[in-house]
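Architecture and fold: a report
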Amino acid sequence: MNLKKYLRARQKVIDRALDRYLPKTSTKPVTLHKAMRYSLFAGGKRLRPILCLAAAEACRGNVDTALPLACAVECIHTYSLVHDDLPSMDNDDFRRGRPTCHKVFGDGIAVLAGDALLTIAFEIVSNAKPALRYDISILLREIAVAAGSRKLIAGQVADLEAEGKRVKRDQLRFIHENKTAAMLKSSMRLGAMSANADARKLSAITQFGEQLGLAFQVIDDILDVTQTSEILGKSAGKDVAAKKATYPAVIGLEKSRGEARRLTRQAHDALSVFQEGDAEALHALANYLLEREY
Ligand code: GRG
């Protein structure tokens, strides 16, 4: 498959849908809606929604049915970046190749834009079409748990508390599993659910999502020390400067690369239950994420 073309086409579909779901910039309060759109349409890679749609495809579902779930996940992801960039958290001036939300709109509006991106995600899910096996309350629960105090926020808390400390490998894994892998995994589970996946396929997507989610963060850690800010579209080298718990810091760069390859291999293996061709996009995406440069 031509992955570049596939990614571009999917990004377009997702951007169009997000544009439909988000209040216009003329809607009151104008500043808030401008800030939400500023961050949401800042040029993110749209990996989570793309993975959501690819998981739906693997389970022989349809893109339109999965689309609201894909958009909801991207809203939550963007909220987490807006809040993470705040001075009281990671204090970053640069995200997705442009000044961060609080740099443009101020801290107060950035906090509120993040809040509003989080809450609109649930409104979007409430409009999704339920599948036979998965009603709307199951879909809402999936996304609420992944974004909540035991997953995404737990990872962020552990990440904050680990700053400047020596962390062990199991603590590092906890941070990565929750801060990064949980939302990635849920994106794909939601796609599978929209396609009414049976227990065997949902479990395969879950395994795939777990391994891929971890690999994604190991690669993100590697890129932070090997790439420039221009290529990343965010400040490079911040992890070392902030004494963050990362794979290169704990096991070294070469071992981290090996770990990313091992996790990606395990992700591929998890897809063996799918018939030839059904999971082609997921396989291609896993390879792309391993080789990505930003
Ligand atoms: C504020 C609750 C809360 C959580 C913040 C997102 C996050 C948790 C922290 C940001 C820093 C970080 C390393 C997060 C891990 C997830 C990650 C690698 C995010 C970047 O994802 P990409 O590369 O970004 O998909 P784009 O901009 O392309 O969407």
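Here is a short report on the structure shown in this document. (Residues numbered from 1 in each chain as written. Predicted model: local features only at pLDDT ≥ 70, side-chain atom pairs only at ≥ 80, totals over all residues. Heavy atoms only, no water.)

All right, on to the pattern of salt bridges then. Applying the stated criterion to the full structure yields 21 salt bridges. With a shortest N-O distance of 2.9 Å, arginine 60 and aspartate 278 are connected by a salt bridge. Residue arginine 60 is found in the loop between helix H3 (47-58) and helix H4 (63-84), and its partner aspartate 278 is found in the loop between helix H14 (253-270) and helix H15 (280-291); the two are separated by 218 residues along the sequence. Taking the relative accessible area as the measure of exposure, aspartate 278 reaches 18% and is therefore buried. Arginine 169 is paired through a salt bridge with glutamate 259; the nearest N and O atoms lie 3.4 Å apart. (Salt bridge = Lys/Arg side-chain N within 4 Å of Asp/Glu carboxyl O. Helix = DSSP H or I, 4+ residues; strand = E, 2+ residues; numbered from the N terminus. Buried < 20%, exposed > 50% of the residue type's maximum accessible area, 1.4 Å probe, protein only.)

Another point: the layout of surface pockets. In this structure, the second largest pocket spans a volume of roughly 270 Å³. Around the second largest pocket, the lining is made up of 15 residues, and of these Lys244, Ala245, Thr246, Ala249 and Val250 lie nearest the centre. For the lining of the second largest pocket, the secondary-structure elements that each account for two or more residues are helix H10 (199-226), helix H12 (238-241) and helix H13 (247-251). Here the residues of the lining of the second largest pocket are counted per class, giving 7 nonpolar, 2 polar and 6 charged. (1 Å grid on protein atoms, 1.4 Å probe; cavity = no way out; pocket = protein on both sides within 12 Å on 5 of 7 lines; lining within 4 Å. Points joined across faces, edges and corners; volume = space filled by probe spheres on them. Nonpolar A, V, L, I, M, F, W, Y, C, P; charged D, E, K, R; others polar.)

Attention now goes to the environment of aspartate 224. Summarising the element assignment, aspartate 224 is placed in helix H10. Measuring from C-alpha to C-alpha, the distance between aspartate 224 and threonine 246 comes to 9.7 Å, with 22 residues separating the pair along the chain. Contacts of aspartate 224, omitting those with residues within four sequence positions, involve Leu232, Ser235, Ala236, Gly237, Lys238, Asp239 and Val240. A polar side-chain atom of aspartate 224 sits 3.1 Å from the main-chain amide nitrogen of aspartate 239. (Contact = heavy atoms within 4.5 Å. Polar contact = N/O pair within 3.5 Å; in protein donor to acceptor, adjacent residues only side chain to side chain.)

What follows concerns empty space enclosed by the protein. Scanning all chains against the criterion turns up 1 cavity of 30 Å³ or more. Taken as a whole, the largest cavity holds about 100 Å³ of empty space. Listed by contribution, the elements that provide at least two residues to the lining of the largest cavity are helix H2 (30-40), H4 and strand E2 (98-99). Here the lining of the largest cavity takes 3 residues from H4, the largest share from any one element. Considering only residue class, the lining of the largest cavity consists of 6 nonpolar, 3 polar and 4 charged.

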